[in-house]
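Here are the chains, one letter per residue:
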Amino acid sequence: MSPSDLLIIPFDDWVNTLVRDWLVPNFRPFFRALQVPITLVLNGLDDFLAFVPMLVVTAVLALLAWKYAGRGMAIFTVIGLFFIDMIGLWPETMTTLSMIITSVIFCAVIGIPVGILAARSDLMWKIVRPILDIMQTIPSFVYLVPIVMLFGVGMAPGIIATIIFALPPIIRLTNLGIRNVREDLIEAAESFGSTGWQMLVEVQFPLALRTIMAGLNQTLMLALSMVVIAALIGAGGLGLVVNTGLGRLDVGGATAGGVGIVILAIILDRITQGLGTQNQVQTVSLRETLVSLFRPRGKIATTEPGKAG
Amino acid sequence: MPAKLRVKDVYKIFGDAPDKALDLLAKGETKEAIFESTGQTIGVQDANFEVEEGQIFVVMGLSGSGKSTLVRMLNGLIRPSSGQILIDNDDVASCSADKLRDIRRSKIAMVFQHFALFPHRTILENAAYGLKIKGVGATERRKRAMEALEQVGLGAWAESLPSELSGGMQQRVGLARGLATEPQILLMDEPFGALDPLIRKGMQEELLALQKSLKKTIIFITHDLNEALMLGDRIAIMKDGRFVQVGTAQEIVSTPADDYVAAFVADIDRGRVFTAESVATEPSVVDLDADTAGDAVKAMEDQNLNALYVMDGQEIAGVVTYQQAAAADRESGADDVPLKDVLITDYPSADADTQLADLYERASTGLPIAVTDTDNRLIGVVEPEKVFAQLSSETPTEAPQPEPDTVSEPDRQPAL
């Protein structure tokens, strides 16, 4: 005797009906349109990184690593990127890098405002929190299918899957950072007649920046870990190398792709971590250096909010 | 002209059903009983007071007495459950958010207990915060913030970060930030509470010195009665969210409203609260030319005095003691010993608002102390024994005269 003897719920049929018969026919154009900005940013970045000579990209990343993570990390960056180039994976690495950067840009653009709204309204947080819990616990393979049905296959759907996977930490930590700003500072800002916007820009955001940067770092790491899975639905880059190796039982190929991902992950992790901790004591000249360094690389959208204060 | 700040029947109930608690309060239930029956916490009840322009109004109470809640209601950080808070006829308790912001930007500033400086901003940027919020241009802002910093003596630190400054200096920045917008009202929420005693004393003196030129209307919150007595033109003592007593320092020390206030006042250095004026009596004098030593002796015998001031027209000529005058009178055998033969020209004197603590030494000469006004005219006399009587009195028989500018307050004693 079990409940299933009394009633069988055709849950899978319901979901099938919802997605196939309702979402796909009715909203496919809408979802297709969502890809447009992602494709735009991605293609721009991809073309740019493919165009810039390998040595220039290496130099810029090494310089950033040197500024934010010390000399050792700069040396590692140079050796690591040279190694990637020498094993013949440079173009794939740049594709992966542009995918990651695109994902992180969109995560920041969506996640920071949502996090701010969630921090300022308990109701909003009550709504957002379970959604984040679901996003973080649901296996990513589960949403690959509907993503393919709604968005098709290719780079942009891969990035959308990555965004879903990597978005929660930036929202959570933006919310946390803003909620943790000292109560008396909020009172002080309020007592001088700050508007909500002034409070945010002058006090809350700058003081939460460290935590937000930690969230951005987490998001970046999660995005990197999605590279292989996203390659399953047509995203290229190092993930594709790993998948191909897997399909052909080519140990060497899969390992090469994996090593590329690890090297890229270490470099990006150390740079963003350094950004988060050094931001508080940055001098103006350093800030300007940073901005001028970032400007030609188009990564300005992720780093610019950090300078708002 | 009405008072700068008027608080009328203000109540603050924390909880989800303030009306219920207000009803019970009206029926005379206590704070504890209401919390037990409804779960509502009474923050402030029946607050009624007025603060004149240029006055320092001190609210003194222990933690949990509602003083911080009260001061936060004055600039709308906390909205009262009922009542009116009028700043120049604008009701902070009920005005719109826009109006409230306007009032905060132009009329009222606040200084916080833990300084609440923005750690990511330089001292100058901190001081300029209120101006920036108001939309003052960068150069003007910088100039005015710098002036405010100069006022508190921190001009040299403009480009430092708050973390590089000591506590006392940080609070000066807090004060400068409050002053920079040139508000008429300054709210100070235990501003010196987090400072070392010595630095606190220095800051109090500095605040008084600044206030002499600034003449702001200041609401000052403290848990330290000595601080309250030193700074306050008028003082309110708070307990359980209500005012137990409102009055001048001397009124509170000399006639505590109840045992609670009396317990506080018991350890107070009365010599720092009372002034020469409070123990001075109407001078009875003799004239240098018209009167003789004999006249003086007679006058002193009549009034039971030991010494008498001698006037030369409007000027004080000196003082004669009973001993010397009587001796001279006896020795000469005649009635016409001139007063100037027994005159002591080295007499002790004091201003009306000299603290009694500063009179000890002068009183020890045994001579009455001449209380003089700014033109050096005699306006009163302090008998030495009165100084010590005032200091030691547990329950003084008579209250000192209320000062003329603080009279007539219907709300001095809140309805219980």
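Residues numbered from 1 in each chain as written. Chains lettered and ligands numbered in written order. Predicted model: local features only at pLDDT ≥ 70, side-chain atom pairs only at ≥ 80, totals over all residues. Heavy atoms only, no water.

1. As for the overall build of chain A
As a reminder of what qualifies: The way it works is that DSSP assigns letters per residue, a run of H or I at least four long becomes a helix, a run of E at least two long becomes a strand, and they are numbered from the N terminus. Between buried and exposed lies partly exposed: a residue is buried under 20% and exposed over 50% of the maximum accessible area for its type, with that area taken using a 1.4 Å probe on protein chains only. By the convention used here, residues are in contact when the closest approach between their heavy atoms is within 4.5 Å. The Shrake-Rupley method, run with a 1.4 Å probe sphere, supplies the accessible areas, and residue values consider only the shown protein chains as cover.
On a plain count of helices and strands, chain A comes out with 15 helices and 0 strands. Within chain A, buried positions represent 49% of all 309 residues. Here the analysis covers contacts within chain A between residues at least 6 apart in sequence; of these, 79% occur between residues at least 24 apart. About 14700 Å² of surface is accessible on chain A, with carbon and sulfur atoms providing 69% of the total.

2. Points about the UniProt feature "transmembrane region" (unreviewed entry) in chain A
Residue and element names in this part refer to chain A. Basically, it comes down to this: UniProt positions are given in the numbering used here, feature names are shortened, and annotations may be inferred rather than shown by experiment.
Residues given the UniProt feature "transmembrane region" (unreviewed entry) here are residues 48-66, 73-91, 97-119, 140-167, 220-242 and 249-268. Between the end C-alpha atoms of residues 220-242 there is a gap of 20 Å, over a span that is 74% helix and 0% strand. Along residues 249-268 one finds 90% helix and 0% strand; the C-alpha atoms at either end are 29 Å apart.

3. Let's talk about the UniProt feature "domain: ABC transporter" (unreviewed entry) in chain B
The positions that UniProt labels "domain: ABC transporter" (unreviewed entry) are, in the present scheme, residues 5-265 of chain B. Helix and strand shares over residues 5-265 of chain B are 43% and 24% respectively, and the end C-alpha atoms of the span are 27 Å apart.

4. Things to note about unusual backbone geometry
Outside of glycine, negative phi angles account for most residues, and trans bonds account for most peptide bonds. Residues and elements named next belong to chain B. Backbone geometry at Asp9 places phi at a positive 50°, although glycine is not the residue there. With respect to the secondary-structure elements, Asp9 resides in strand S1 (residues 5-14). On the basis of relative accessible area, Asp9 is assigned to the partly exposed category, the value being 42%. In this structure, Ala116 is a non-glycine residue whose phi angle is positive, near 50°. Of note, Ala116 is situated in the loop between strand S6 (108-111) and helix H5 (123-127).

5. Regarding the UniProt feature "domain: ABC transmembrane type-1" (unreviewed entry) in chain A
Within this structure's numbering, the places UniProt gives as "domain: ABC transmembrane type-1" (unreviewed entry) are residues 93-272 of chain A. Helix makes up 88% of residues 93-272 of chain A and strand 0%, and the two end C-alpha atoms of the span are 18 Å apart.

6. Focus: the interface of chain A and chain B
In plain terms, the rule: Once two parts are put together, the accessible area they lose, assessed with a 1.4 Å probe and summed over both, is termed the buried area. One side-chain nitrogen of Lys or Arg within 4 Å of one carboxyl oxygen of Asp or Glu is enough to make a salt bridge. Polar contact is defined as a pair of N or O atoms within 3.5 Å, subject to the rule that within protein one atom must be able to donate a hydrogen and the other to accept it, and that residues adjacent in sequence are counted only when both atoms are side-chain atoms. Polar here means any residue outside two lists: the nonpolar Ala, Val, Leu, Ile, Met, Phe, Trp, Tyr, Cys and Pro, and the charged Asp, Glu, Lys and Arg; Gly therefore counts as polar.
Taken residue by residue, the interface counts 17 residues in chain A and 23 residues in chain B. Between chain A and chain B, roughly 1800 Å² of surface is buried when both sides are summed, and carbon and sulfur atoms account for 58% of that area. On the chain A side of the contact with chain B, Ser191, Phe192 and Glu202 of chain A bury the most area, a combined 38% of that side's loss. Taken together, the connections running from chain A to chain B amount to 4 salt bridges. The residue Glu187 of chain A makes a salt bridge to Arg72 of chain B at a minimum N-O spacing of 2.5 Å. At the junction of chain A and chain B, the tally comes to 9 residue pairs in polar contact (both at pLDDT 80 or more). In terms of residue count, helix H9 (residues 183-191) of chain A provides more of the side of chain A that touches chain B than any other element does, 7 residues in total. Classifying every residue of the side of chain A that touches chain B by side-chain character gives 7 nonpolar, 5 polar and 5 charged.

7. As for the sheet that holds strand S9 (residues 234-239) of chain B
Residue and element names in this part refer to chain B. Where we set the bar: Criterion used throughout: strands pair if DSSP finds at least two bridges between them. Only the stretch in contact is used when fitting a helix axis, every axis being a line fitted to C-alpha atoms; angles between N-to-C directions are given from 0 to 180 degrees.
In space, the 6 strands of this open sheet follow the order S6-S7-S8-S3-S9-S10, with mixed pairing throughout. The sheet is open, and its two edges are formed by S6 and strand S10 (242-247), each paired on a single side. Taken pair by pair, the neighbouring strands of this sheet meet at an average axis angle of 15°, ignoring direction. By the bridge criterion, 5 bridges tie S9 to S10 in an arrangement that is antiparallel. Considered in S10, the bridge of Ile237 is made with Gln245. Packing of helix H3 (residues 67-74) onto the sheet brings it into contact with strand S3 (56-61), S6, strand S7 (185-189), strand S8 (217-222), S9 and S10, and relative to S7 it is tilted by some 155°.

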